[in-house]
Each structure stands twice: as structure tokens, then as C-alpha cells.
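# Notes for the structure review
These are the residues of each chain, in order.
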Number of protein chains: 2
Amino acid sequence: MDGRTHTRQRNRAAIQEAALRLFAEQGYEATTVAQIAREAGVSHMTFFRCFPTKEDVVLDDDYDPMLEELVRARPAAEPPVERVHRATMAGLGQVYEHHREALLGRVGLLLSIPGLRARIGENLASARTAFERGLTPEGEEPGVETRAVAAACASALAEAVIAWSEVHERAELPDVIDRVFHALRGLPAPAQGSRP
Amino acid sequence: MDGRTHTRQRNRAAIQEAALRLFAEQGYEATTVAQIAREAGVSHMTFFRCFPTKEDVVLDDDYDPMLEELVRARPAAEPPVERVHRATMAGLGQVYEHHREALLGRVGLLLSIPGLRARIGENLASARTAFERGLTPEGEEPGVETRAVAAACASALAEAVIAWSEVHERAELPDVIDRVFHALRGLPAPAQGSRP
DNA sequence: ACCGAAAATGTTAGTCACTAACATAATACG
DNA sequence: CGTATTATGTTAGTGACTAACATTTTCGGT
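Summary of the structure given here. It should be emphasised that the depicted structure is a prediction, and the values quoted were computed from it without experimental measurement. (Residues numbered from 1 in each chain as written. Chains lettered and ligands numbered in written order. Predicted model: local features only at pLDDT ≥ 70, side-chain atom pairs only at ≥ 80, totals over all residues. Heavy atoms only, no water.)

### Details of the overall build of chain A
Applicable threshold: Secondary structure elements are defined from DSSP: runs of H or I of at least 4 residues count as helices, runs of E of at least 2 residues count as strands, and each element is numbered from the N terminus. Think of it in three bands: residues with accessible area under 20% of the maximum for their type are buried, residues over 50% are exposed, and the middle band is partly exposed, with areas taken using a 1.4 Å probe on protein chains only. Residue contacts are defined here by distance: any two heavy atoms, one from each residue, within 4.5 Å place the two residues in contact. To measure how exposed things are, a 1.4 Å probe is used in the Shrake-Rupley method; for residues, cover is taken only from the protein chains shown.
Of regular secondary structure, chain A possesses ten helices and zero strands. Taken from N to C terminus, the helices and strands of chain A fall in the order α-α-α-α-α-α-α-α-α-α. Burial analysis of chain A (196 residues in total) assigns 47% to the buried set. Residue pairs at least 24 apart in sequence account for 60% of intrachain contacts in chain A once pairs closer than 6 positions are excluded. With an accessible surface of roughly 10,000 Å², chain A has 52% of that area assigned to carbon and sulfur atoms.

In C-alpha cells:
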């Protein structure tokens, strides 16, 4: 293991931990980068070397690499939105049970900060890219249609997550996502809780 | 006519004109808000009272109010994506001939500025809202499905506009939009130049 | 046409995210 | 163990954006 990148990872983690704690304690706007850096025991320059902007401390996840493969695994004969729909449902089952609370917390923080709320779509740019690559045969460039479908599905997914976070006591995320994709595809809504 | 709001409109226009000219001359980052305000003959405070952020000088259009009505005019029995698709095609025909060059210039500026490129989706938040309202029966609140479809269509539309701006010598925007929406709906691609 | 009220604009001074330049400390590698 | 490399700190700056208050402009009523 490289000692340099190791220390860098430690700094990253320390900064993110301090930042999220301070955001929770006193709010996002009221927390300055300098304060985060001080709490994390680094200078504010190190902060910016780890996170290009203050917002990026929150916008940071990556379940995404998996999505690309799941989309690609669907038969190419399916309509693209259906491929993304089924791939998303499949991938979600694998992580939802274990990460439900963490996901809820992160989304809640995002929604509570106007400046970040606007960037949720951008956050899903990674999902967008995953969909795009999964829909594109290997070795080819994605066409306009593929890019548009990927972007549209990522937006729809983001909307589903937002909606779920607002009603997470009455609905489960997989159900919401299922309903959203059904609507996108012009299909009737599925029965509630009809998933296995 | 109210003289106060009238002057305000004049300021807005003067600021936007000066800003776009300076951006074209010396680039976006190299142009300061103070400079724009000076050129427009106002103080920088007036700038911020007209445009909440520097980016909003560029992110500002408003063909959008029309879209809502066009969507609402489509029969509610149609699948929502189709309603948005046909409404967009109808609305575009009304303005594309006259505003083609202006649109191209604006989009080109957006794409040339990384900070703005990330906010294109957000710019289409206005289109999103228009779609959402048009899809929602009057007096009701939009459901998750409606919000997601509206967001997805706005993203797809943005992607179409971006793609068109990159190949505007070989393709017309209405054709690109048509292809994108066909792909979203899982339909085969329409014939090129098949519109009237 | 004039006057007080209300709203828009200007002035000033400040905060804070973010960057560039250079100094210094930590680490790898011969 | 010494030297090149890389991470980190320090300092000083820019520029977007805001708050508080002074000033001018515009409006409705007389």
C-alpha cells in the first residue's frame, strides 16, 4: 500500500466526518470550510485538495459501477427504458436492505440545503453515465437517443428517491421506483407491495 | 403600466445585454459582475437584485409558460410522455424558425462554460415545472409519477438541445427532439426530415 | 402641481468560497 | 543516509454575494 495515498484517504475521511457532523450540528451555510478544516486537523488548502468544492463533501457515493453491468446484462432487444428499469430494480434489491437508513440520512441532508438540492440531478450524473454505458454496445459511441434516455432515467430515479425520502414512513423505495418507471413507460401503475 | 416595474425590466435587459456581450468578448470567468454592472450603468447591487447569481444572467429564457398550456391541451388519456412529446413539438414549431440562431448562441455559451454546463439540467427546471403543471389536472397536486415524468422529459429535452448544438450543421432541432422522444417511448426512430 | 409614503437604487463594508505562489515537512527510492 | 518527489501549510489575493443604511425615484392622494 502506498503510504502517501493512504494518508490522503485518511484526510478525506476525517474531513468528511467533521463536515457532516458540523452540518448536522449548525447547518450547512453556517459552517465554513475553514472550520471544517480546523476540526479535521488540516489546513483549508488540504480540504480543497480532497474536495474540489464545499458541496462535494456531501455529493459523494458510488453504488454506480454495478449499474452499468446490470443494464448491459438485460437483453438488447428490450426498449431502453425497460432495460434501465429492470436493471435498477435488480441492483436496488442488493443494497436497499442494508443501506436504507444511511441513504435516507444523506438524501435528507441534500434536501435540507437549497444549494445542494439543485445539484441532486448532477449527483445522478454518475448514474446517468452508468446507464449510458450500459445501453451502449461495447466499442461504440452512444447516440443522441441513448444519451437522452440515460439522462431521463437518471432524472426519474432522482425524483423517485426524493419523493421516497418525503414519505419513507408510508412507502418503500423499490415501490416508488417501480411506479415511476411504469409511468415513464406509459404502463399502468403496479399493485402496491407487489414485489417479492 | 407600472413605471417601477417598467424601469426594472429596462435594467434587467440592459444588464443581460451587457453581460452577454462581455462574455462573448472576453469569456465568462474573466468578466466580473462589477464590470457588467458598470457597462450597464447600474451598481452591482442592482445586478444582484435582478439576477440572484451571475449564472442566472445566462440561464434565463422563458418560452416556458407556453409549454404548460400545450401539454394541458393534449388529451389526458394519452400516456404522459406522449403528451409532453407532442406538446413540445407543437411549441417548437412556433418559435424555432425565428429564434434558431439566438438559441444556438445561448446553448453554445452554456456548453463552453463548465460551471454552467453542469447547470443546464437546472435551467430546464423551468421546463420541468411547465411539464409538471401541464400534466396535472387543475386544482390537484402532482403525484410522484407526474413529477418523475416531467423531470425525465426535461432532461431528455436538454440532452436533445445539447446534441443538436454539436451537429447543428447536419441536423435540425425538431428532428433531434423527435428522435429522442421516440427513443424514450420505446418506439422506432422516425424517418429523417419527416416533419412538415 | 405638490407632498408624504413606499419602493428602487446606490454606497460601504464585510464574509466566505476558492486560487496562486511559494515555503516546509513528510515520504519514497537509490 | 541523502536526495528527489510529493503532500501539506502559509500567505495573500480575487471575486461572488450579503447586510445596513443613505439617497433618489416613483406613486397615490390632495
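Still to come is the rest of the account.
### Let's talk about the pattern of salt bridges
It is possible for side chains bearing opposite charge to pair when their charged atoms get close. Rules: The term salt bridge refers to a side-chain nitrogen of Lys or Arg lying within 4 Å of a carboxyl oxygen of Asp or Glu.
Considering all chains together, one arrives at 30 salt bridges over all chains under this definition. Across the pair A:Arg21 and A:Glu39 runs a salt bridge whose closest N-O atoms are separated by 3.2 Å. Of the two residues, A:Arg21 sits in helix α1 (residues 3-26) while A:Glu39 sits in helix α2 (residues 33-40), which places them 18 residues apart along the sequence. For A:Arg21, a relative accessible area of 38% corresponds to the partly exposed category. The partly exposed category is assigned to A:Glu39, whose relative accessible area is 44%. Notably, a salt bridge pairs A:Arg185 with A:Glu82, separated by 3.4 Å at the nearest N-O pair. Placement of A:Arg185 in the segment after α10 (173-184) and of A:Glu82 in helix α5 (residues 80-112) is noted, with a sequence separation of 103 residues between them. A:Arg185 sits in the partly exposed class, given a relative accessible area of 23%. Look at A:Glu82 and you get buried, because its relative accessible area is 14%. Connected through salt bridges with shared partners, the residues A:Arg128, A:Glu132, A:Arg147, B:Glu159 and B:Glu166 form a single ionic network.

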